[in-house]
Amino acid sequence: MQDKLPKVAILLAAYNGEQWINAQLDSIWSQQDVTLDIFVSLDASYDSTLSLLTDLKCNNSNLFILPYGERFGGAAKNFYRLIKDVDFSMYDFVAFADQDDIWLSEKLCHGIQAMKSSGSKAYSSDVMAFWPNGQQKLIKKSYTQKRFDFIFESAGPGCTYIFHVEPFLDFKKFITSHWERVLEVEFHDWLAYSFFRSKGHKWLIDDNPTMLYRQHENNQFGANSSWSAYVSRLRLIADGWYPNQIRLITTLLDIPPVSKRFIILNFMQTRRKKLDSFSMLIFSLFFKK
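Rules of the game
Residues numbered from 1 in each chain as written. Predicted model: local features only at pLDDT ≥ 70, side-chain atom pairs only at ≥ 80, totals over all residues. Heavy atoms only, no water. Helix = DSSP H or I, 4+ residues; strand = E, 2+ residues; numbered from the N terminus. Rg over C-alpha atoms; globule rule 2.2 N^0.38 Å. Contact = heavy atoms within 4.5 Å. Areas by Shrake-Rupley, 256 points an atom, 1.4 Å probe, with all protein chains shown as cover. Disulfide = S-S within 2.5 Å. Patch = residues over 30% accessible without salt bridge, like charges linked within 9 Å, V, L, I, M, F, W, Y side chains within 5 Å. Salt bridge = Lys/Arg side-chain N within 4 Å of Asp/Glu carboxyl O. Buried < 20%, exposed > 50% of the residue type's maximum accessible area, 1.4 Å probe, protein only. Pairing = 2+ DSSP bridges. Axes fitted to C-alpha atoms, helices over the stretch in contact; angles between N-to-C directions. Core = buried A, V, L, I, M, F, W, Y, C linked by side-chain atoms within 4.5 Å.

Draft legend 1. How the structure looks around the overall build of the protein chain. Helix and strand content of the protein chain: 12 helices and 11 strands. Radius of gyration (C-alpha) of the protein chain: 19 Å, near the 19 Å computed for a compact globule of 289 residues. When the backbone C-alpha atoms are referred to their principal axes, the protein chain occupies close to 60 × 45 × 40 Å. In the protein chain, the share of contacts with a sequence separation of at least 24, taken over all contacts with a separation of at least 6, comes to 80%. A total accessible area of about 13900 Å² is found for the protein chain, and carbon and sulfur atoms account for 53% of it.

Draft legend 2. Layout of the state of the cysteines. Applying the stated criterion across every chain, the model contains zero disulfides. We note that Cys109 lacks a disulfide partner, and the nearest cysteine sulfur, in Cys159, lies 17 Å from it.

Draft legend 3. Structural detail: unusual backbone geometry. Unlike most non-glycine residues, Asn16 shows phi in positive territory, near 45 degrees. Tracing the backbone through its elements, the reader meets Asn16 in the loop between β1 (7-14) and α1 (21-29). A positive phi angle, near 60 degrees, is found at Asp33, a position not held by glycine. Along the chain, Asp33 turns up in the loop between α1 and β2 (35-42).

Draft legend 4. Fine view of a nonpolar patch on the surface. A contiguous nonpolar patch, built from Ile264, Phe278 and Leu281 and spanning about 250 Å² of accessible area, is present on the exposed surface. Within the secondary structure layout, Ile264 lies in helix α11 (residues 260-266). For Ile264, a relative accessible area of 42% puts it in the partly exposed group.

Draft legend 5. Main features of the sheet that holds strand β4 (residues 93-97). With respect to topology, seven strands assemble into an open sheet ordered β3-β2-β1-β4-β9-β6-β10, the strand pairing being mixed. What marks the edges here is a single partner per strand, and that holds for β3 (63-65) and β10 (203-206). Recorded for the sheet is a direction-independent mean angle of 20 degrees between the axes of neighbouring strands. On top of the sheet, helix α2 (residues 49-59) reaches β2 and β3; it is set at about 140 degrees to β3, its chief contact.

Draft legend 6. Seen up close, the nonpolar core. Counting residues in hydrophobic clusters, the biggest one holds 52 residues, and the most contacted among them are Phe152, Phe168 and Phe171. Those residues within four positions of Phe168 in sequence are excluded, and the remaining contacts are Leu11, Ile83, Phe88, Val94, Phe96, Phe163 and Phe196. By size, the runner-up hydrophobic cluster in this structure holds 32 residues, among which are Leu12, Ile28, Leu53 and Trp103.

Draft legend 7. Representation of the pattern of salt bridges within the structure. Taken as a whole and assessed by the stated rule, the structure comprises nine salt bridges. Across the pair Arg272 and Asp149 runs a salt bridge, and its minimum N-O distance is 2.8 Å. With Arg272 in the loop between α11 and α12 (274-283) and Asp149 in helix α5 (residues 149-152), this pair connects stretches of sequence that are 123 residues apart. For the pair shown, Arg272 and Asp149 are each scored as buried.

The following block contains the structure:
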């Protein structure tokens, strides 16, 4: 007797996505060896995304559009809304999706099997970034996990994330009970990684890229491989944004506060990539204590 196919709830956050969302949805519907439902939260948009989704819904019974009209102002708040409002308690797994990527047909089944084989409760992976001119580049996130990396960075692009439903239901309770403070955390993928790791859940970061990560001028957070992107990240550190986000996450998760001394003593355990670990020594200068 064939095993029952895993049932997956896809949480898709969208905004002005008329150029890409059809291709993304087609790639999700092409997923092998799973059954799935897609829940879309559309940030108030000025293009035809809503009408496109409404038309698609007529012919796809597994597409659900959450009530439309609210302005969230960013992907993180849109994903928090999805986590709070969607009932995924009857599913086996939950996955995040952006509106503009292309999933390879084995993305979900490969990730789920990798989770089962490794005993992991959450999964993410490297991605293959691609540009309109045909250029492609592997974005590697699967460096060896460190003891404290979840305090300082995400596991990678949230669009690669897959979660076992039971701990994700705990994450939903956390989101709901800390709603106002959670909205201040500007990267949902970082908060999800921090929550799972801080609760002792094993997280697998796979070196097998199973999706194409679209790069364009409207990306909120893309490959960030250019010098200008690096300078922008340094500016976020210098103006206090990064330290403040760390303080907010550690407070929400009841993690002991990060100090300058802590970073200096543990800098090799703060980031997965070795160069980034050494950069944390410089970053420690921006901590007051």
